[in-house]
Every structure is written in C-alpha cells, then in structure tokens.
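Tertiary structure, described
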Amino acid sequence: MAVKKLYAGVKLRELRSRIGLTQKDFAARLNISLPYLNQMENNNRPVSTTVVLALATEFGLDVTELSAGDGERLVTDMREALSDPIFAGTPPPLADLRLTASNAPALARAFLELHQQYRQAHERLASLDEALGREDARAAPSPWEEVRDFFHYCDNYIDAVDRAAEHFASQPGGPRNTRVAAVSALSTAGVSVIFADTDTLRHFDPVEKVLTLSDRSAPETQTFQLLLQVALTRQDQLLEATLDLARFQAGPARDIAKIGLANYFAGAVLMPYNAFLAKAQACRHDLEILAGHFGASIEQVAHRLSTLQRSGAKGIPFFFVRVDQAGTITKRHSATRLQFARFGGACPLWNVHRAFETPGRFLRQLAETPDGVRYISLARDISKPAGRFGAPVRRYAIALGCEVRHADALVYADGLDVTRGSAFEPIGISCRICERKTCHQRAVPPLERHLVVDPDRRDTLPYRIE
C-alpha cells in the first residue's frame, strides 16, 4: 500500500506564527533551507520524516496535529455544496478542492458560508407568504447550524472546558459520587435543589435560586442536569470567554452554544478525560461497561468517546451520529475521514437506520466508503420516555465507529472477519456526491457523472451511470 504524503502547509504556518518566528529563523531551528520551508508552507512539497521529528524534538509538537484539522471536512462540505443544482456545468475536480482546503481554508469557509446564506435566502423565498411583513425576514445564519459547525471544526473537543470539568471531578466527593459533589457545589453558590413530579427535566428559578428536577427522569439524566446547572452557575466566566472567541454571527447562536458548552462540561465531569480514556482502553471501549462505571447513559458514553482529541493524549478517532426515525441527523461529529452530509439524511445503507428494528440491541457493521476507507460501525436505538403513561416517547438511533485499523482495540470487532473484503458493505455520504454506479438505494443521480437513459431497458435504476 502506497504511503500517503503529508502536506501540512497551513499547520506549519500556524505553528510558526504562534511561536513568533520568521521563516528564516524557523528554517534554521528545523535545520533545513529557507526555500525548502517555503515550499512546504505552500504545499508544494510534503513534510518529510526528518522535519516531523525536528518539529517534535525542537518544539514539542504533537505530530498527530499535522494530519488533523479541517482539510477533509472542508473538502466534503465543498463537494456537497457544489452538488447544489445552482452550480451548473462541470464541478471543479477533487484535486482542486483539496488544494483549496489545504492552501486557502479561509476562502473555503467563506464559500461555504456564502452557499449557506444562499440556501437560507432560497428557503425564505419559498415561504414568502409567511415572511412578508416580518421584520426578521432578512437572510441570517441559522443559529443551530452555526453552533453545529463551531463544535464540528473544534474536533468536538474544547480544551479549557474539558480541563475545568476534570478539575471539578477531582474534588472531594467526585468522580465516584459526582451527584453529591454537584449538589454541594450548587449549595455553596446558594442554589437549592428539589425534585418534583413534572415533565420538565430541569427548571432553574434565578430569583429564588431554586433548581427543580423531574423525579421521573433516569438517575444518570438527573445527575447530568445537576452538572449542567453547575456549569451555568459556577463556570459562567469560562463559558462566556469561550463564546467570545467563537464570534457567532447570529444572536441566538451564542445562547444555544452556551447550553452546548454547559452540556459538554457536564459530560466531561461525569467522564473525566484521563480516567475515562484509561478505562475505555482497558475495557476495549465496551459502552455498557463504561456506562455502568461512570453512571452515564449509552448515548453520553458514545458522545464522550468522540471527544477524546486532547493534544498528547488522544483516543481512537471515532465518528458519532444520532438520527431520528426519518433519517434526519440531529447530532454529528467525526474525528475520522468519514464526514457526514451537512444537508439531508444519512446513507440508507448504513446500519444506524436498522437499529430502530431491533430495540435494545447493538448492531455491528463493516462498511467501506467510496474513497476505499473501511470502518467498523456500531448502532443502537435510544428511546427517551417521559416517565408517565401517555407521554410521547422520543426515539433516536446512534452510531459510533472508527477505521477498521483500530479493530483490535474494540470489543465489538471480536468475531468479525476484518480481513475479508467482501465483508464490508458499501456505504456513502450523500447521493449527490456519491460516485457508486450500482447502488440499489440511490435516491438521486451523482452530480459528477454522465447519465445514460435507455427507454428500452430498465435495471434497478432508471438510468445508467458512466
């Protein structure tokens, strides 16, 4: 198998700027020529093994950061945006998109933001009757999408919040008795906690300083909501400082993101980074063992596994996704090369959709994407009852997976023949950018392929893809 060359010009420029060195001084520290450094920073030459070692020894750089970043995400997002019918003609070749993502990531993000603005304006025009006469009829970024992209491009890991949560978990009473520690922290802040027979999971009265939790919810949900309130009450300055750095455009996005950061803090307290990583490695990432050990739900554990991207102590790069019964993605993150569709549902050939048919069971799948990368995927349905008769049940399915090269570290890979090519099911990202010619579940033709329609022949699809 050919070794993939490492182009990391943007990362090199970022590192040099961060430590305040000129190109000449940086090249001297790396013991290379100035022209050679210039070529690497402009992605005209790959980063050599010698340079990688010099970066690690001279600057203490975690070399995994060179291959991490936004490149694959940006390429996938641009391909999907360019599949919009508004872009007539032949789309740019994949090589051009990769060059743009690696050499001009700011330009790529500006293009994606422009396309997103176009989509939102188009959707508003489609409902013109409703929009007429409203003061907020102008196009504006969707707060939910802004927040989703914020976490997405942070690798779903927020270092300052994660470390603050780990520090809280190290205090007396935690992490083995996190619930008591959370109540104590709130009490110190003058907040009283009561439980009531109510559908509302959490309600905080800022005037009376009373936190009311539903006594119908599961214990792990109650503990999580306690910790979320701890974040909002005791870590407000940290959350606000993090939000200042994000620079959201839409007003409500900041409020949504603050709840997201509070949720992140709660999950990180329940499952402190180093302790959780060590236990995950020891039990080979058994979600049920981790849930029992840390008093968390299966979904919380799966989500936490996807955040283990701390520099110098990274876990397995996982993807994590949650979908509803209509196939709509409600949560998504990927630290792998697999990037989910920003618009629409997930590939119907993926096992996450079958999880609704087998409640309470884990489904395993070996899958291969069109780029030839192979994954092991774990799916399970997640039901969220309200705790009383007649209350609506929210049903979701989650999927957690990683590249198959990490199979030995996963208990769920036991018994699967990861060496047999035919064991891997072909899956895609989005039909519009999927290049598979023979997919029987294809909904729309691929944008970059020529179609042949033969009125005298009908196969699985009403057209042939060349």
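1. With respect to the sheet that holds strand 6 (residues 363–368)
Taken in spatial order, the 6 strands line up as 5-4-8-7-6-9 in an open sheet, and their pairing is mixed. A single partner strand is all that each edge strand has here, and the edge strands are strand 5 (329–334) and strand 9 (425–426). As defined by bridge partners, strand 6 adjoins strand 9 across 2 bridges and the pair is classed as parallel. By the bridge assignment, Glu368 is partnered in strand 9 with Pro426.

2. A look at the nonpolar core
Core analysis: the biggest nonpolar cluster contains 71 residues, and Phe265, Leu287, Val301 and Leu305 have the highest contact counts within it. The element contributing the most residues to this core is helix 15 (residues 251–270), with 11 residues. Apart from the residues lying within four places of it in its own chain, the contact partners of Leu305 are Phe276, Ala280, His285, Leu287, Leu290, Ile316, Phe318 and Leu400. In this structure, Phe319, Val323, Leu338 and Val352 belong to the second largest nonpolar core, which totals 24 residues.

3. Regarding the state of the cysteines
For the structure on display, the rule yields 0 disulfides. We note that Cys347 lacks a disulfide partner, and the nearest cysteine sulfur, in Cys439, lies 6.1 Å from it.

4. Structural notes on the confidence of the model for the protein chain
Averaged over all residues, the pLDDT of the protein chain equals 84, while 89% of them reach at least 70. Put simply, helix 9 (residues 128–131) is where the protein chain has its lowest mean pLDDT, 46, and helix 16 (residues 273–282) is where it has its highest, 97. Contacts for the low-pLDDT stretch residues 129–139, under 50 throughout, to residues beyond four places or in other chains number 9 contacts.

5. Here's the deal with the pairing of strand 6
Across a regular strand the side chains alternate sides, sitting on one face of the sheet and then on the other. Sheet analysis places strand 6 next to strand 7 (residues 374–384), joined by 6 bridges and oriented antiparallel. Along strand 7, the bridge assignment pairs Leu363 with Ala379. Between the antiparallel neighbours strand 6 and strand 7 lie 5 residues, among them Gly372 with a positive phi of about 90 degrees.

6. Here's the deal with the pattern of salt bridges
Evaluation of the coordinates by the stated rule reveals 23 salt bridges. A salt bridge links Arg216 to Asp197, with the shortest nitrogen-to-oxygen separation between them at 2.5 Å. Here the residue Arg216 occupies a position in the loop between strand 3 (210–214) and helix 13 (219–234), and Asp197 occupies one in the loop between strand 1 (192–196) and strand 2 (202–205), the gap between them amounting to 19 residues. For the salt bridge of Arg420 with Asp417, the shortest nitrogen-to-oxygen distance reads 3.6 Å. Judged by its relative accessible area of 34%, Asp417 is partly exposed. Salt bridges sharing partners connect three or more residues here, namely Asp236, Glu240, Asp244, Arg254 and Lys258.

7. Describing the environment of Gly267
Its location among the elements puts Gly267 in helix 15. For Gly267, a relative accessible area of 10% puts it in the buried group. Those residues in contact with Gly267 that lie beyond four places of it in its chain are Phe224 and Arg304.

8. Structural notes on the side chain of Glu41
For Glu41, the position within the fold is in helix 3 (residues 34–41). The buried category is assigned to Glu41, whose relative accessible area is 2%. Glu41 has contacts with Gly9, Leu12, Arg13, Arg16, Gln23 and Phe26, leaving out every residue within four places of it along the chain.

9. With respect to the pairing of strand 5
Here strand 4 (residues 319–324) runs beside strand 5; their pairing, made up of 5 bridges, is antiparallel. Following the sheet pairing, Val321 is matched in strand 5 by Arg332.

10. What to know about the environment of Arg388
Tracing the sequence through the fold places Arg388 in the loop between strand 7 and strand 8 (394–403). Between the C-alpha atoms of Arg388 and Arg216, which are 172 residues apart in sequence, the distance is 7.8 Å. Excluding its chain neighbours within four sequence positions, the residues that come into contact with Arg388 are Asp199 and Arg216.

11. Quick look at the sheet that holds strand 1
Read from one edge to the other, the open sheet built from 3 strands follows the order 1-3-2, with strand pairing classed as mixed. The sheet is open, and its two edges are formed by strand 1 and strand 2, each paired on a single side. Each strand of the sheet is rotated relative to its neighbour by a mean of 20 degrees, with strand direction disregarded. Where strand 2 lies against strand 3, 4 bridges are found, and the strand directions are antiparallel. Pairing of His203 across the sheet is with Thr212, part of strand 3. Lying over the sheet, helix 13 contacts strand 1, strand 2 and strand 3, oriented at roughly 155 degrees with respect to strand 3.

12. Some points on the packing of aromatic side chains
Each pair of aromatic rings is reported with the distance of its centres and the angle of its planes. Counting across every chain of the model gives 9 aromatic pairs. Here the aromatic residues Phe150, Phe151 and Phe248 are joined through ring pairs into a cluster of three or more. Positioned above the aromatic ring of Tyr396, the side-chain terminus of Arg322 is 4.1 Å from the ring centre. Lying across the ring of Phe424, Arg374 places its NZ or CZ 4.7 Å from the centre.

13. Brief notes about unusual backbone geometry
With phi around 55 degrees, Arg247 is a residue other than glycine that occupies positive phi space. With respect to the helices and strands, the residue Arg247 is situated in the loop between helix 14 (236–246) and helix 15. Of note, the phi angle at Arg284 is positive, near 55 degrees, even though the residue is not glycine. Residue position: Arg284 is located in the loop between helix 16 and helix 17 (287–294).

14. Considerations on helix 12 (residues 178–188)
Listing the buried residues of helix 12 in full gives Thr178, Ala181, Ala182, Ala185 and Leu186. Each buried residue of helix 12 sits inside an arc of 135 degrees when the element is viewed along its axis, so together they form one side. The elements touched by buried residues of helix 12 are helix 11 (159–169), strand 1, strand 3, helix 13 and helix 15. Of the residues one or two after helix 12, Gly190 is the one with positive phi, at around 85 degrees.

The rules behind each value
- Residues numbered from 1 in each chain as written.
- Predicted model: local features only at pLDDT ≥ 70, side-chain atom pairs only at ≥ 80, totals over all residues.
- Heavy atoms only, no water.
- Pairing = 2+ DSSP bridges.
- Helix = DSSP H or I, 4+ residues; strand = E, 2+ residues; numbered from the N terminus.
- Core = buried A, V, L, I, M, F, W, Y, C linked by side-chain atoms within 4.5 Å.
- Buried < 20%, exposed > 50% of the residue type's maximum accessible area, 1.4 Å probe, protein only.
- Contact = heavy atoms within 4.5 Å.
- Disulfide = S-S within 2.5 Å.
- pLDDT = per-residue confidence, 0-100.
- Salt bridge = Lys/Arg side-chain N within 4 Å of Asp/Glu carboxyl O.
- Axes fitted to C-alpha atoms, helices over the stretch in contact; angles between N-to-C directions.
- Phe/Tyr/Trp six-rings, centres within 6.5 Å; stacked < 30°, edge-to-face > 60°.
- Lys NZ or Arg CZ within 6 Å of the ring centre and 35° of its normal.
- Arc of directions from axis to C-beta.

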